[in-house]
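Here is how the chains run, residue by residue.
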Amino acid sequence: MLSGVSEVLSSVVEDVSEAVNRNISGSQLLHELLSAPWLRALLKIYECLMQFQRLSPSPLLPCASGLLFEVSKAHRPSAEARELYNLLSSPHVQALLSSHDSVAQSDYLPVLSPLPDELPEDEEAMRIVCLVKNNQPLGATIRRDEVTGDIYIARVIHGGLADRSGLLHPGDLIVEVNGNSVVGLEPEKVIQILNSSIGTILFKVIPRSTQVTSSQKPVYMRAMVDYCPLQDSSIPCPDAGMAFIRGDLLEVVDQSDALWWQARKLPCGASFAGLIPSASMLRSKHKEQWCIKTRLNVVIFSQKHESTFFPSAGFRRSFRLWRRTSYRRRRQSCTSCSPSSSALSSPYEEVALYQRLPQENHRLIILIGASGVGVNELRKRLIKLNPSTFQGPVPHTTRPIKEGEQAGREYHFVTKELFEYMFCSIFRFVEYGESKSHLYGTSIDAIDEVVKRGRMCIIDVEPPGIHLLRLRNLKPYVIFIKAPSPETLRQTRRNARIITSYAVNRAFTEEDFLELEDTSQLIEAKYKQYFDNVVVNDDLQDACMQLCSIIQQAQNEPQWIPTDMNINTESRSK
Ligand SMILES: Nc1ncnc2c1ncn2[C@@H]1O[C@H](COP(=O)(O)OP(=O)(O)OP(=O)(O)O)[C@@H](O)[C@H]1O
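All values reported here derive from a predicted model rather than from experimental measurement. (Residues numbered from 1 in each chain as written. Predicted model: local features only at pLDDT ≥ 70, side-chain atom pairs only at ≥ 80, totals over all residues. Heavy atoms only, no water.)

Visitor: Where do I start with the packing of aromatic side chains in this structure?
Guide: Each pair of aromatic rings is reported with the distance of its centres and the angle of its planes. In the structure shown here, the tally under the stated rule is 11 aromatic pairs. Summarising the aromatic geometry, the rings of Y220 and W560 are spaced 4.9 Å apart at their centres and angled 40° between planes, so their arrangement reads as tilted. Of this pair, Y220 sits in strand β7 (residues 219–223) while W560 sits in strand β23 (residues 559–562), and the two are 340 residues apart along the sequence. Residue Y220 is classed as partly exposed on the basis of its relative accessible area of 24%. A centroid spacing of 5.7 Å and a plane angle of 10° characterise the contact between F508 and F513, whose relative ring orientation is stacked. Residue classification places F513 among the buried residues on the basis of a relative accessible area of 5%. Through successive ring pairs, a cluster of aromatic residues spans Y227, F244, W261 and Y348. The ring of Y354 is capped by K475, whose NZ or CZ atom sits 5.2 Å from the centre of that ring. (Phe/Tyr/Trp six-rings, centres within 6.5 Å; stacked < 30°, edge-to-face > 60°. Helix = DSSP H or I, 4+ residues; strand = E, 2+ residues; numbered from the N terminus. Buried < 20%, exposed > 50% of the residue type's maximum accessible area, 1.4 Å probe, protein only. Lys NZ or Arg CZ within 6 Å of the ring centre and 35° of its normal.)

The structure is reproduced here in structure tokens:
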């Protein structure tokens, strides 16, 4: 009789089979899956195991191999007893009984002969370790004690060959490799011996007296800088290093070393970890490089710097009130390639998986892209597509209200004094600017207002604006709108109009396409660590649909977000 899970499966299969008859999409696939013989076999095994666990049977005899002796003790054995004796003494039954006894007595470990009583005081236990290399790296690094010259295992790479063997540990003293004594050898020579061994490697090691068992929980981090071990002369073993680029998600499995951590890249991380510089190590490396670059740049910058009323944070033309000056000037403001100060202070950003709960506010959706790529067009289309879900924040302005406008709908109309107060004392503007002597700006409060109303706030900002919006209550999800190739731009933007400072509405030129691609690449290179997703705006309709589905995922599926957006309290009024 079927029981438990199998019974449930059978009734599910019946229901799905009805769905197949009614031609419901996907039901055929589900039916095939649920009726698969392997699934039934797996469930049967599962049920047997569960039953075994419930019954928790105990052996009738702890030592069944003794049966043979018992039978042989019979004084005048009957024919049946003799037959039983013959059966029990066959080698196969003996082996079976011996296995039974091992299981019954839970005796699984090999029995080692006891150590001789009179061992000399200075005798050291030597371990012989044989690893089958199979074209894999050893997964361990070595170091030499500068005083004694002894060669030690420095670190064992998580998931690597040495780690999986469980036989080599940091601190083990290496005595021999493949029969060659390593005493007095340079580490490079030892590495040479290790690298040249094919098939198996035989180690003689003196295990470290106190084994440190590390049970560190993995920590997840987003790389905020690029790293290439092959260009790093300080890495103990470049082959064991792991390269990464900004934005990569890293599972840091070992932080026991102050200078070198071990990590895997996610998703689909490799089976073994690689060495990466610790945060402090990377910070000092980048500071060094940055100082050199800054010294060179400072002269150039001071020649070009122009003072403005507001410190430069930039703002997009999307307000539609400012006209483009020149791509080149804008590019300098947002895409100079020097590392940002936040990347220098935290080369890794700790992240955690966040799943928005249905009762929580929607995450803020930020669209980033080169000017003219279509960020505003996409944003407008999304809002038009679903005005009850998507909404943009209402900007502030100091210009007078026009006929047909309503305060709080097109703009929050404020005095210049109030605008300046908001800007200076509470620093609530994400973007701001001046056009025809009037000030305009988008405030955090305006974004908050949309979010609190249960809508999904969708905004487009200049890339530096991302930093101001990385707030715990907004949990922004950043989508980079990428420019397609100039060839595709040429085809798709035939009827598009560009808005510039000198012509309100004109067709895109060949120079615009090249600049668009160029700026797009520069923004991506500098800010990609902040992007949660990328959409190439080639075909408008496709890009819009893609955006919709990405936004859906951002709101409803688990996403990696900085841990301080998850736990810490907001700290922006510093
Ligand atoms: N995929 C596309 N195919 C064709 N035309 C497009 C596409 N995307 C945008 N456009 C058009 O390109 C022009 C510029 O787009 P948009 O105004 O959205 O630029 P933007 O990225 O918001 O730049 P800015 O904020 O600096 O104004 C508009 O005329 C828009 O309709």
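Moving on, there is more to tell.
Visitor: Looking at this model, I keep getting lost on the sheet that holds strand β13 (residues 390–391). Mind explaining?
Guide: Paired through backbone hydrogen bonds, the strands of a sheet run either parallel or antiparallel to each other. Across the sheet, five strands lie side by side as β13-β18-β12-β19-β22; this open sheet has parallel pairing. Here the strands that pair on one side only, and so sit at the sheet edges, are β13 and β22 (533–536). As defined by bridge partners, strand β19 (residues 477–482) adjoins β22 across four bridges and the pair is classed as parallel. Paired with I481 across the strands is V535, a residue of β22. (Pairing = 2+ DSSP bridges.)

Visitor: What exactly am I supposed to notice about the packing of helix α12 (residues 375–385) against helix α18 (residues 540–556) here?
Guide: Two elements in contact, α12 and α18, have axes separated by 10 Å at closest approach and are oriented at 65°. Comparing their axes, α18 and α12 come out roughly perpendicular. Read as a crossing pair, α12 and α18 show a hand that is right-handed. Taking contact as the criterion, the partners of E377, L378, R381, L382 and L385 in α12 are, on α18, L540, Q541, A543, C544, M545, L547, C548 and I551. In the contact of α12 with α18, the residues fall into 10 nonpolar, one polar and two charged. (Axes fitted to C-alpha atoms, helices over the stretch in contact; angles between N-to-C directions. Parallel < 35°, antiparallel > 145°, perpendicular 65-115°, else oblique. Left-handed = near helix turned anticlockwise from the far one by under 90°. Contact = heavy atoms within 4.5 Å. Nonpolar A, V, L, I, M, F, W, Y, C, P; charged D, E, K, R; others polar.)

Visitor: For this particular structure, what's the right way to read the packing of helix α5 (residues 79–89) against helix α6 (residues 91–104)?
Guide: Each pair of packed helices can be summarised by the angle the axes make with each other and by the distance between the axes. One way to put it is that α5 packs onto α6 with a least axis distance of 5 Å and a crossing angle of 70°. By the criterion of interaxial angle, the relationship of α5 to α6 is roughly perpendicular. Where α5 abuts α6, its residues L87, L88 and S89 lie against P91, V93, Q94 and L97. By residue class, the composition of the contact of α5 with α6 is five nonpolar, two polar and no charged.

Visitor: What am I meant to see in the sheet that holds strand β16 (residues 429–435) here?
Guide: On the basis of which strands lie adjacent, the open sheet formed by four strands has the order β15-β14-β17-β16 and mixed pairing. Taken across any chain shown, the strands that pair with only one partner, and hence form the sheet edges, are β15 (412–413) and β16. Bridge count between strand β14 (residues 396–397) and strand β17 (residues 438–443): two bridges; the pairing is antiparallel. Each bridged residue has a counterpart across the sheet, and for T397 the counterpart in β17 is Y440. Contacting β14, β16 and β17, helix α13 (residues 416–424) crosses the sheet at an angle of about 40° to β17. The sheet strands contacting helix α14 (residues 444–452) are β15, β16 and β17, and the helix crosses β17 at an angle near 45°.

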